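The chain contents come next:
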Amino acid sequence: MFKIYKSSARSGKTFTLVKEYLKLALQANSDVAFRRILATTFTNKAANEMKGRVLEALALLATPELVGSKSNILKTLLLAELSVSESELQQKSHHVLRAI
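The structure displayed is predicted, hence computed values, not measured ones. Here the residue index of a chain counts from 1 through its sequence in written order. Confidence filtering applies because this is a predicted model: local features only for residues at pLDDT of at least 70, side-chain atom pairs given and counted only at 80 or more, and all residues used for totals across whole chains, interfaces and linings. The basis for every side-chain value is the complete set of heavy atoms in the structure, and neither hydrogens nor water enter the calculation.

A.B. asks: Before we go on, may I ask you to explain the packing of helix α1 (residues 13-27) against helix α2 (residues 44-62) in this structure?
C.D. replies: Two quantities define a packed helix pair, namely the angle between the helix axes and the distance between the axes. Note on geometry: axes are lines fitted to C-alpha atoms, helical ones only across the stretch in contact, with angles between N-to-C directions running from 0 to 180 degrees. Each helix is a run of DSSP H or I of at least 4 residues and each strand a run of E of at least 2, with the numbering of both proceeding from the N terminus. One way to put it is that α1 packs onto α2 with a least axis distance of 10 Å and a crossing angle of 55°. It follows from the interaxial angle that α1 and α2 lie oblique. Pair α1 / α2 crosses with right-handed handedness. Residues Thr 14, Phe 15, Leu 17, Val 18, Tyr 21, Leu 22 and Leu 26 of α1 touch α2, and the partners they reach there are Glu 49, Met 50, Arg 53, Val 54, Ala 57, Leu 58 and Leu 61. Looking at side-chain class alone, the contact of α1 with α2 contains 11 nonpolar, one polar and two charged residues. Oblique is the label for any angle not under 35 degrees, not over 145, and not in the 65 to 115 range, which are roughly parallel, roughly antiparallel and roughly perpendicular in turn. With the far helix as reference, a near helix turned anticlockwise by less than a right angle produces a left-handed crossing, and one turned clockwise produces a right-handed crossing. Whether two residues are in contact is decided by their heavy atoms, any of which lying within 4.5 Å being enough. Polar here means any residue other than Ala, Val, Leu, Ile, Met, Phe, Trp, Tyr, Cys and Pro, which are nonpolar, and Asp, Glu, Lys and Arg, which are charged; Gly is therefore polar.

A.B. asks: Would you mind showing me how to read the packing of α2 against helix α4 (residues 86-99) here?
C.D. replies: Close contact between α2 and α4 brings their axes to 7 Å; oriented N to C, the two are set at 135°. If you check the angle between α2 and α4, you find them oblique. Here the hand of the crossing between α2 and α4 comes out left-handed. Where α2 abuts α4, its residues Leu 55, Leu 58, Ala 59, Leu 61 and Ala 62 lie against Leu 89, Gln 90, Ser 93, His 94, Val 96 and Leu 97. Looking at the contact of α2 with α4, its residues break down into eight nonpolar, three polar and no charged.

A.B. asks: Just to check I follow, could you spell out the environment of Leu 22 for this structure?
C.D. replies: Within the fold, Leu 22 resides in helix α1. Measuring from C-alpha to C-alpha, the distance between Leu 22 and Phe 34 comes to 8.5 Å, with 12 residues separating the pair along the chain. Apart from the residues within four sequence positions on either side, Leu 22 is in contact with Val 54, Ala 57, Leu 58, Leu 61, Leu 74 and Leu 78.

A.B. asks: Looking at this model, I keep getting lost on the nonpolar core. Mind explaining?
C.D. replies: The nonpolar side chains of a soluble globular protein tend to be buried with one another. By size, the foremost hydrophobic cluster in this structure holds 17 residues, and its most contacted members are Leu 22, Leu 26, Leu 78 and Leu 89. Going through the elements one at a time, α1, α2, α3 (69-82) and α4 are the ones with two or more residues in this core. The definition of a nonpolar core used throughout is a set of buried Ala, Val, Leu, Ile, Met, Phe, Trp, Tyr and Cys residues joined through side-chain atoms within 4.5 Å. Using a 1.4 Å probe on the protein chains alone, a residue whose accessible area is under 20% of its type maximum counts as buried, one over 50% counts as exposed, and one in between counts as partly exposed.

A.B. asks: Honestly, α1 in this entry has me stumped. Any pointers?
C.D. replies: Along an α-helix, residues three or four positions apart point the same way, because every turn accommodates 3.6 residues. For a helix, the expected span equals 1.5 Å multiplied by the number of residues minus one. End to end, α1 covers 21 Å across 15 residues, agreeing with the expected 21 Å (1.5 Å per residue, within 8%). All of the buried residues along α1 are Val 18, Lys 19, Glu 20, Tyr 21, Leu 22, Lys 23, Ala 25 and Leu 26.

A.B. asks: Before we go on, may I ask you to explain the pattern of salt bridges in this structure?
C.D. replies: Two side chains with opposite charge may pair up if their charged atoms get near one another. Whenever a carboxyl oxygen of Asp or Glu lies within 4 Å of a side-chain nitrogen of Lys or Arg, that contact is scored as a salt bridge. Across all of its chains, the model carries six salt bridges by this definition. For Lys 19, the salt bridge goes to Glu 20, with nearest N and O atoms at 2.9 Å. The pair Lys 19 / Glu 20 is uniform in exposure class, with both members buried. The salt bridge involving Glu 20 is made with Lys 23; its shortest N-O contact spans 3.4 Å. In this pair, Glu 20 and Lys 23 both sit in helix α1, three residues apart, roughly one turn of the helix. With respect to class, Glu 20 is no different from Lys 23; both count as buried. Counted as one network, the salt bridges with shared partners bring together Lys 19, Glu 20, Lys 23 and Glu 81.

Don't take any of this as a statement about function, it's just geometry.
Following this line, the structure appears as structure tokens:
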């Protein structure tokens, strides 16, 4: 399945890509499903930023006491879209982060 997101600068593309990437990685039955997900950007700088945000988001989701306001939005969206409990999201995030 392919999804294409097109929008102007500073409109939240990276946030959307990170959320969709995490959704795919966290809903999978395997902790290493991230290996089969391809997210492309137009620059190496954008790719590195997205990679950093994915890792940061997983770390925040895996450690609830670190969750801030920006990650709360992501957490709320993932909880709703994945239909999982907070503890399930935390556990799965921890497993995927460890696997990465």
